[in-house]
Structure formats: C-alpha cells, structure tokens
Amino acid sequence: MKTKWLDRDTVRAPHLALCLSEKAFDAAARHCKVDNPGAWLDLNRHMALLHTWERHGDLTCVVCLHPNASGADPIEVACTLVHESAHIFQRLCDSIGEHQPGREFEAYTIERIAERLMREFVRQVKP
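Residues numbered from 1 in each chain as written. Predicted model: local features only at pLDDT ≥ 70, side-chain atom pairs only at ≥ 80, totals over all residues. Heavy atoms only, no water.

S.K.: Describe the nonpolar core, and please don't skip the residues or the numbers.
M.R.: Of all hydrophobic cores here, the largest spans 15 residues; its most connected members are L18, L65, L81, L117 and F121. Looking at this core, the elements that each hand over two or more residues are β3 (58–65), α2 (74–96) and α3 (103–125). Not counting residues within four places of it along the chain, the set of residues in contact with L81 comprises L18, V63, L65, L117, M118 and F121. Counting residues in each nonpolar core, the second largest holds 10 residues, with C19, F25, W40 and C64 among its members. (Core = buried A, V, L, I, M, F, W, Y, C linked by side-chain atoms within 4.5 Å. Buried < 20%, exposed > 50% of the residue type's maximum accessible area, 1.4 Å probe, protein only. Helix = DSSP H or I, 4+ residues; strand = E, 2+ residues; numbered from the N terminus. Contact = heavy atoms within 4.5 Å.)

Pasting the structure below:
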C-alpha cells in the first residue's frame, strides 16, 4: 500500500501574491473580490507596501513592489522583501490569535515567506 503524505504545514498560510504593477494589483483585488482594495503604492514614498484582506477566515497578503525594483540593487530588493515578510508574519499571527510566537516559528515562517516572495520576484522579472 502506498503512503499518502499529508500537508506538513502546521499553520494555514495566507494566500500570497507579489504585484509589480498597479494592473497586477487590481487583478489580485478583483480575484479576491475586494471592492475597495486601497491605493496600490505611492511611487514617490515607498519601495513596497503590504495589503492584507481577510474574508471568510482566509487571509490574503499582497506585496506591492515598486516597478523600478527589477533594475534595483538585488540586495536592496531582498532586504525589502524580508521586511515585508516580517509584516506578513505579524499579520498572520494577528489572524490566528498568536500574541507570543516562538522564536523558531517566527524565524522559519519569515524565511519561508521571504523565499516565496524572492522566487516570485525572480520569476516575474526573468527575461
């Protein structure tokens, strides 16, 4: 008999998207049926901005990254995505009622979120 492996996640991860344009952000909001998603990104003030929406117990986190990021210093982009990953972790903890997360849980979760965002960034800007 073949073993059926189950999902290894212990916490239900948020739906996560990376948007490099206002058009992509609008499409994500439409997909999530968000009527008033807020402003995409103030291009003069922010390198990135996190939007979070919760509906029927499902958390959605959308990171909007400045379109110039594709030509920016890769370390600056990575640092920005790690920063936004920390905010996603904070919002995730709020949504599950976790007020004192363990340090390893926090570190591994932020690492996993950051990796997903970085891989998606590379996928989107790849020639």
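That shown, we press on.
S.K.: Just give me the short version of the environment of G102, but keep the residues and values in it.
M.R.: Relative to the elements of secondary structure, G102 occurs in the loop between α2 and α3. Separated by 53 residues in the primary sequence, G102 and L49 have C-alpha atoms spaced 26 Å apart.

S.K.: I'd love a proper account of the packing of aromatic side chains, names of residues and values included.
M.R.: Counted under the stated rule, the structure contains 2 aromatic pairs. Consider the rings of F25 and W53, whose centres lie 5.9 Å apart with planes at 40°: the pair is tilted. In this pair, F25 sits in helix α1 (residues 22–31) while W53 sits in strand β2 (residues 48–55), placing the two residues 28 residues apart along the sequence. The buried category is assigned to F25, whose relative accessible area is 1%. Here W53 falls in the buried class, since its relative accessible area comes to 12%. (Phe/Tyr/Trp six-rings, centres within 6.5 Å; stacked < 30°, edge-to-face > 60°.)

S.K.: Let's hear about unusual backbone geometry: which residues, and what values?
M.R.: One non-glycine residue, K33, lies in the positive phi region at around 60°. Here K33 lies in the loop between α1 and β2. According to the relative accessible area criterion, K33 is exposed, its value standing at 58%. Located in the positive-phi region is H56, a residue other than glycine, with phi close to 55°.

S.K.: Tell me about the pattern of salt bridges, and name the residues and values.
M.R.: Taken as a whole and assessed by the stated rule, the structure comprises 3 salt bridges. With its nearest N and O atoms 2.8 Å apart, the salt bridge here joins E54 to R91. Of this pair, E54 sits in strand β2 while R91 sits in helix α2, placing them 37 residues apart in sequence. Overall, the relative accessible area of 41% leaves E54 in the partly exposed class. (Salt bridge = Lys/Arg side-chain N within 4 Å of Asp/Glu carboxyl O.)

S.K.: Lay out α3 in plain terms, naming residues and giving numbers.
M.R.: The end-to-end C-alpha distance of α3 is 33 Å, a good match for the 33 Å that 23 residues give at a rise of 1.5 Å each. On its buried face, α3 sits against β1 (15–19), β3 and α2. (Expected span 1.5 Å × (residues − 1).)

S.K.: So what about the pairing of β2? Which residues, and what values?
M.R.: The two faces of a sheet get side chains in turn, since along a regular strand they alternate between them. Where β2 and β3 come together, 8 bridges link them in antiparallel fashion. Looking at β3, one finds that A48 is bridged to L65. (Pairing = 2+ DSSP bridges.)

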